[in-house]
Amino acid sequence: MIKSHKIGIIGGGISGIAAAKQLSEHEPVVFEATDSIGGVWKHCSYSSTKLQTPRCDYEFSDFPWTQRDNTSFPSYQEILDYLYSYATYFDVLKFVNFNSKVVEIRFVGAGDSEKSGEYGNLLAGHPVWEVGVQTSQSENIQWYAFEFLVICTGKYGDIPRIPKFPQNKGPEIFKGKVMHTIDYCKLNEDESTQLLKGKKVVIFGYKKSAIDLAVECAEANQGAEGQTCTMVVRTLHWTVPHYSVWGLPFYMFYSTRASQFLHERPNQGFLRTLLCHMLSPMRKGVSKMIESYLTWKLPLEKYGLKPDHPFEEDYASCQMAILPDNFFSEADKGKIAIKRSTSKWWFWEGGVQFEDGTKLDADVVILATGFDGKQKLKAIIPEPFRSLLEFPSGLMPLYRGTINPLIPNMAFVGYIESVSNLHTAEIRCKWLSRLVDDRFKLPSVEKMLEQTTKELEIMRRTTRFYRRSCISTFSINHSDEICEEMGWSSWRKKNWIAEVFSPYNSQDYQEEK
């Protein structure tokens, strides 16, 4: 028997809970594959994992942190507690079906797109999608029918990205232990210490998860008998010790209207484009100023960790990582070593070997090589829609970061990034709830594709790492357009000075009465 509902939400992370709260009037059904909400904060966090921004930059607009002026970065457990408090306060947990894994989605209706070139209403009045769900209690699949689906499975977790190795040179010949960070996250503090202590550990990667892991490894190997943890770094990225540059708050450089005025944005017109071009030396100067501070503050050149590309490119691709306080102090003590390598590598019995013939002895090899979020989507979304999920460039065409114009009655939340992914998800869920309630209409499919193409082209021109779908350099403009579409004022501050020079955060987007 198929159970029919209006709205289904797949995923119980930050985005899924935000969507459930905003769509609560429709009593959505939320499918969460595990036994808890929280997504990557629950299942992809180490004991040392912390938020990379102050808590006031990572909160729901109608649920401020109790200690929001605390400038320390909250731990993953504090974030989970905050999310549970939010879900409990707004009675969202009643919508969540835990231990319910979506294994298949079937298209059963044409939606409400009778007019050629129009997207149609999100609530079609009849089922458009059927969702097959398997619970931990049964091998049978229960089917549900929905008029509208919101996909919130996210870009991270679940499916690790594993390098491919030559035949007979993979992990099977290595006598030590090999794991991806997704498996390391499943260990408790004692188990992780036992895995790392006294062991020669090699970590592949240099993003936040790899950096945090290297510090945990160093801390487990204190004392004379402790071993060195080696990070194999292929692609360099700028790292930041704190949110201050030459004594100035970091938000001044990228998070105000004045600072983002220097950057290209969609629909800006000829004069604005010309002005943006004329101001490009100032924009490059800001990036150089930050680079000079980081090179002065951190021993990047000493360890061969100074990137060749501008800082702006990492910020524009949401790849700026906050360094743990003791990363370089552990490197100075010899507990963390850096090996730069862009060559292919493989395993041998006692460790890993590189194309140039060099070898690293290892007892444990940990792959901090990221996740394949799109594969998660492709595993459940049927053809022909599977082939429409992304452009040939690999980027997802999402209007307002939410609607794929080519896929009917389906939304995606959590697939574009900014400095605060929570705010990015929440404001799009507010927009989505008003769209579901038919308070405004979407443009034609053609115009939506045109808008998404403009945004993707800006990302491509701004950074070589554009495939991450990051809007950080034009995030305020992105929110402006969402507000205008909802019928809200796009200028959210009390006066023009604050509007131009103070940073934007979730509190600026509280519901308009």
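Scroll up for the structure.
Just so it is clear, the structure is predicted and the values come from calculations on it, not from any experiment.

Participant: Help me understand the state of the cysteines in this model?
Facilitator: Note on terminology: disulfide describes a covalent bond linking the sulfur atoms of two cysteines. Inspection of the entire model under this criterion finds one disulfide. In this model Cys318 forms its disulfide with Cys470; the gap between the sulfur atoms is 2.0 Å. Across the disulfide from Cys318 to Cys470, rotation about the S-S bond amounts to roughly 70 degrees, and the bridge is consequently right-handed. Highlighted residues: Cys318 in the loop between helix 11 (311-316) and strand 13 (321-322) and Cys470 in the loop between helix 15 (445-462) and helix 16 (475-486), separated in sequence by 152 residues. We classify Cys470 as buried; its relative accessible area is 4%.

Participant: What exactly am I supposed to notice about the sheet that holds strand 18 (residues 364-367) here?
Facilitator: Across the sheet, which stays open at both edges, the five strands sit in the order 7-18-8-9-14 with parallel pairing between neighbours. Across the chains shown, the open sheet's two edge strands, defined by having one partner strand only, are strand 7 (177-180) and strand 14 (336-340). Sheet twist, expressed as the average angle between the axes of neighbouring strands with direction ignored, equals 20 degrees. Summarising the sheet, strand 8 (residues 201-204) and strand 18 pair through four bridges and their orientation is parallel. Each residue of the ladder has a partner; that of Val201, found in strand 18, is Val364. Sheet strands touched by helix 6 (residues 208-220): strand 8, strand 9 (229-233), strand 14 and strand 18. Its angle to strand 9, the strand with the most contacts, is close to 165 degrees.

Participant: Honestly, unusual backbone geometry in this entry has me stumped. Any pointers?
Facilitator: Note on backbone geometry: most residues besides glycine have negative phi, and most peptide bonds are trans. For the bond from Glu383 to Pro384, the omega torsion is 5 degrees, close enough to zero to count as cis. With respect to the helices and strands, the residue Pro384 is situated in the loop between helix 13 (373-380) and strand 19 (410-412). Backbone geometry places Cys318, a non-glycine residue, at a positive phi of 55 degrees. Of note in the backbone geometry, Asn409 takes a positive phi value of approximately 55 degrees without being a glycine.

Participant: How should I be thinking about the nonpolar core in this particular structure?
Facilitator: Soluble, globular proteins show a tendency: their nonpolar side chains are buried together. With 52 residues, the main nonpolar core has Ile9, Val150, Ile403, Trp431 and Leu432 as its most contacted residues. Elements that contribute at least two residues to this core include exactly strand 1 (3-10), helix 1 (14-22), helix 3 (76-89), strand 6 (141-151), helix 14 (421-436) and helix 16. Sort the elements by how many residues they give to this core and helix 14 lands first, with eight residues. Counting 50 residues, the second largest nonpolar core, distinct from the first, contains Ala218, Phe253, Leu305 and Ile322.

Participant: Explanation requested: the sheet that holds strand 15 (residues 345-348) in the structure shown.
Facilitator: One key point about sheets: their strands pair by backbone hydrogen bonds, in either a parallel or an antiparallel sense. What the three strands build is an open sheet, ordered 15-16-17; its pairing is antiparallel. Edge positions in the sheet fall to strand 15 and strand 17 (359-361), since each has one partner strand and no second. Strand after strand, the sheet turns through a mean of 25 degrees between neighbouring axes, direction not considered. Pairing between strand 16 (residues 351-354) and strand 17: three bridges, direction antiparallel. Residue pairing across strands places Gln353 opposite Lys359, the latter belonging to strand 17.

Participant: I would appreciate a short explanation of the environment of Tyr144 in the present structure.
Facilitator: Topologically, Tyr144 is positioned in strand 6. Accessibility expressed as a relative area gives 10% for Tyr144, which makes it buried. Spatially, the C-alpha atom of Tyr144 lies 7.8 Å from that of Val133, the residues being eleven residues apart in sequence. The contact partners of Tyr144, leaving out residues within four places of it in the chain, are Ile2, Lys3, His5, Phe31, Asn97, Trp129, Glu130, Val131 and Val133.

Participant: Hey, could you run me through the environment of Glu313 in this one?
Facilitator: Note on placement: Glu313 falls in helix 11. Placed 76 residues apart in sequence, Glu313 and His237 show a C-alpha to C-alpha distance of 9.2 Å. With sequence-adjacent residues up to four places away left out, Glu313 is seen in contact with Thr462, Thr463, Arg464 and Phe465.

What counts as what
- Residues numbered from 1 in each chain as written.
- Predicted model: local features only at pLDDT ≥ 70, side-chain atom pairs only at ≥ 80, totals over all residues.
- Heavy atoms only, no water.
- Disulfide = S-S within 2.5 Å.
- Helix = DSSP H or I, 4+ residues; strand = E, 2+ residues; numbered from the N terminus.
- Buried < 20%, exposed > 50% of the residue type's maximum accessible area, 1.4 Å probe, protein only.
- Pairing = 2+ DSSP bridges.
- Axes fitted to C-alpha atoms, helices over the stretch in contact; angles between N-to-C directions.
- Contact = heavy atoms within 4.5 Å.
- Core = buried A, V, L, I, M, F, W, Y, C linked by side-chain atoms within 4.5 Å.

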